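# Overview (structure and organization)
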Amino acid sequence: MRKTFYRDYATEAFRLLAREGSAALYRQKVYNTALARRGEAGSGIGSPTEAAVIRAEQAVYEAEATIRDLEAAEAAVNVLECKYGVAAVKALKRVYMAEADRDIKRGEISERVNKAIMNIPASEESIYRWLRFARTSFAKNRGLRI
């Protein structure tokens, strides 16, 4: 398998998607976290102040790169499903998105592919083709040089 320069970046974007759920959920989490950290005196009950809303919008703006990564990963998953079907998405989730909270060890991707072969009616070549398509689709959606 030939390594492309965006392979690790795309893989981590899919893992981020597995951790965060979606771009909309992540955007809302960033916004709510910034509102909760407003650091103003008082009980915090009621509507947020204008300054707190501005800080929350600024936090979302600063997280824009991560949000775009999540949006591109979501779009890649949708394109993968439209082109290759549900089995391809299952393979993507079992190989890249499983155990997204810890680092991937050397050789773990190939081990996950071998395990996926047992559960998904597909060959090893098909799974690697689906994964390559998902990474390339992510890179195109994210606007990376291919």
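This section reports on the structure supplied with the text.

### Focus on the layout of surface pockets
Over the atoms, a rolling probe the size of a water molecule traces out where space has been left empty. In this structure, the largest pocket encloses a volume near 320 Å³. In this structure, the largest pocket is lined by 16 residues; those nearest its centre are R7, D8, I104, K105 and I109. Ranked by residue count, the leading element in the lining of the largest pocket is helix α1 (residues 7-20), at 4 residues. Per-class residue counts for the lining of the largest pocket are 6 nonpolar, 3 polar and 7 charged.

### Remarks on unusual backbone geometry
The phi dihedral of E99 is positive, around 50°, even though this residue is not glycine. Tracing the sequence through the fold places E99 in the loop between α5 (86-95) and α6 (108-119).

### Considering the side chain of T11
Mapped onto the elements, T11 comes out in helix α1. Taking the relative accessible area as the measure of exposure, T11 reaches 8% and is therefore buried. What T11 contacts, discounting residues up to four positions off in sequence, is Y96, I104 and R135.

What counts and how
- Residues numbered from 1 in each chain as written.
- Predicted model: local features only at pLDDT ≥ 70, side-chain atom pairs only at ≥ 80, totals over all residues.
- Heavy atoms only, no water.
- 1 Å grid on protein atoms, 1.4 Å probe; cavity = no way out; pocket = protein on both sides within 12 Å on 5 of 7 lines; lining within 4 Å.
- Points joined across faces, edges and corners; volume = space filled by probe spheres on them.
- Helix = DSSP H or I, 4+ residues; strand = E, 2+ residues; numbered from the N terminus.
- Nonpolar A, V, L, I, M, F, W, Y, C, P; charged D, E, K, R; others polar.
- Buried < 20%, exposed > 50% of the residue type's maximum accessible area, 1.4 Å probe, protein only.
- Contact = heavy atoms within 4.5 Å.

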